[in-house]
Amino acid sequence: MAESVAHELNNIAASLFGFVELAAEQVDAESPLLRCMGEIRIGVSRVTNLAAVLEALAEVEGSSRRTAISDCIGGDVPVDSGGGLRFNWECDRATVVDADPDRVHRAIRTLTLLGKADSTIGSDSAFTVSRTESESHCSFCDAVLPAGGVKITLIADDLRRFDAKTAGARRRAGGSFPQLVVTGSVHATHMAGGHIELDAAESSISLVLPTA
């Protein structure tokens, strides 16, 4: 159901955006209506962002397999919004992980929405890809994450004050858009066969994938 709703939201957003652009072409450059149209574009962007989160939350059980981490990421690739994903590689791209590549990509794309609740999509998001140096725990399910896994990290100020331990309760009760983004990414990552790790200051979030 959530995936169908997300698809319909995307259709509505595309239609609205198209009509706004047509209207903007017929309005004088000095018209105050252009500012109103800009606000409509932001609203349409929010709808698109919410649809992406719904798609992440709609993920069902993944199908993990042994594959190179580069297959899960694909290097510097475009995302649906027209923005880009940039990766700083600090480990071998051929490192083999046990994960579902499609769902890893969904989790990464969802994380790029952090900080974009009040703006249009389009800016690049930079991730660092490295190896975990020591054992840790998933910030959401407490699973033990052994050293040597692959960590895909995004720096995001919107994570501050996000309480990982009450994520499930907040999902049921609602929450801010950044919280919904994190919850969707957590779900997609678990479906991919991985886990999530927040740093001590909760200023970065990492997708941790087990090596094969």
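Every value quoted in this text rests on a predicted model; they were computed, and no experiment measured them.

**A word on the pattern of salt bridges**
In step 1: Tallied over the full model, the rule gives 5 salt bridges.
In step 2: Between R103 and D100 there is a salt bridge, and its shortest N-O distance comes to 3.0 Å. Both residues of the pair, R103 and D100, belong to the buried class.
In step 3: Salt-bridge contacts for K151 lead to E197; the nearest nitrogen and oxygen are separated by 4.0 Å. With a gap of 46 residues between them, K151 in strand β8 (residues 150-155) and E197 in strand β9 (residues 195-198) connect regions that are remote in the sequence.
In step 4: A single salt-bridge network, built from bridges that share partners, covers E59, D100, R103 and R106.

**Details of unusual backbone geometry**
In step 1: In this model, D142 sits at a positive phi of 65°, which is unusual for a non-glycine residue.
In step 2: Relative to the helices and strands, D142 resides in the loop between β6 (136-137) and β7 (144-145).

**What about the nonpolar core?**
In step 1: The biggest cluster of nonpolar side chains holds 36 residues, and the ones touching the most others in it are I69, F87, I108, V129 and I152.
In step 2: Here the element with the most residues in this core is helix α6 (residues 177-191); it accounts for 5 residues.
In step 3: Ignoring any residue separated from it by four or fewer positions in sequence, one finds I69 in contact with W89, D92, R93, T95, V97, V129, V150, I152 and L209.

**Considering the side chain of E197**
In step 1: For E197, a relative accessible area of 17% corresponds to the buried category.
In step 2: Side chain to side chain, E197 and S136 meet in a polar contact 2.5 Å long.
In step 3: In contact with E197, not counting residues within four places along its chain, are S136, S139, L145, K151, S204, I205, S206 and V208.

**Considering the confidence of the model for the chain**
In step 1: Residue-level pLDDT values for the chain average 80, and 80% of them are 70 or greater.
In step 2: The model gives residues 75-83 a pLDDT under 50, and that stretch makes 19 contacts with residues more than four places away or in other chains.
In step 3: Low pLDDT, under 50, characterises residues 117-123; the stretch is placed with 19 contacts to residues that sit more than four places away or in other chains.

**Observations concerning helix α2 (residues 33-57)**
In step 1: Helix length check: α2, at 25 residues, gives a terminal C-alpha distance of 36 Å against a target of 36 Å (1.5 Å per residue), a fit within 8%.
In step 2: The complete set of buried residues in α2 reads M37, I42, V44, S45, N49, A51, V53, E55, A56 and L57.

**Concerning the environment of P146**
In step 1: By the secondary structure assignment, P146 is in the loop between β7 and β8.
In step 2: Exposure remark for P146: the relative accessible area of 54% places this residue in the exposed category.
In step 3: Separated by 64 residues in the primary sequence, P146 and P210 have C-alpha atoms spaced 7.9 Å apart.

**Thoughts on the packing of helix α4 (residues 101-111) against α6**
In step 1: Relative to each other, α4 and α6 sit at 170°, their axes nearing to 8 Å. Between α4 and α6, the interaxial angle falls into the category roughly antiparallel. When the axes of α4 and α6 are compared, the crossing they make is left-handed. Residue-level contacts link R103, R106, A107, T110 and L111 of α4 to V181, G184, S185, A188, T189 and M191 of α6.
In step 2: Residue composition of the contact of α4 with α6, grouped by class: 5 nonpolar, 4 polar and 2 charged.

Calculation notes
- Residues numbered from 1 in each chain as written.
- Predicted model: local features only at pLDDT ≥ 70, side-chain atom pairs only at ≥ 80, totals over all residues.
- Heavy atoms only, no water.
- Salt bridge = Lys/Arg side-chain N within 4 Å of Asp/Glu carboxyl O.
- Buried < 20%, exposed > 50% of the residue type's maximum accessible area, 1.4 Å probe, protein only.
- Helix = DSSP H or I, 4+ residues; strand = E, 2+ residues; numbered from the N terminus.
- Core = buried A, V, L, I, M, F, W, Y, C linked by side-chain atoms within 4.5 Å.
- Contact = heavy atoms within 4.5 Å.
- Polar contact = N/O pair within 3.5 Å; in protein donor to acceptor, adjacent residues only side chain to side chain.
- pLDDT = per-residue confidence, 0-100.
- Expected span 1.5 Å × (residues − 1).
- Axes fitted to C-alpha atoms, helices over the stretch in contact; angles between N-to-C directions.
- Parallel < 35°, antiparallel > 145°, perpendicular 65-115°, else oblique.
- Left-handed = near helix turned anticlockwise from the far one by under 90°.
- Nonpolar A, V, L, I, M, F, W, Y, C, P; charged D, E, K, R; others polar.

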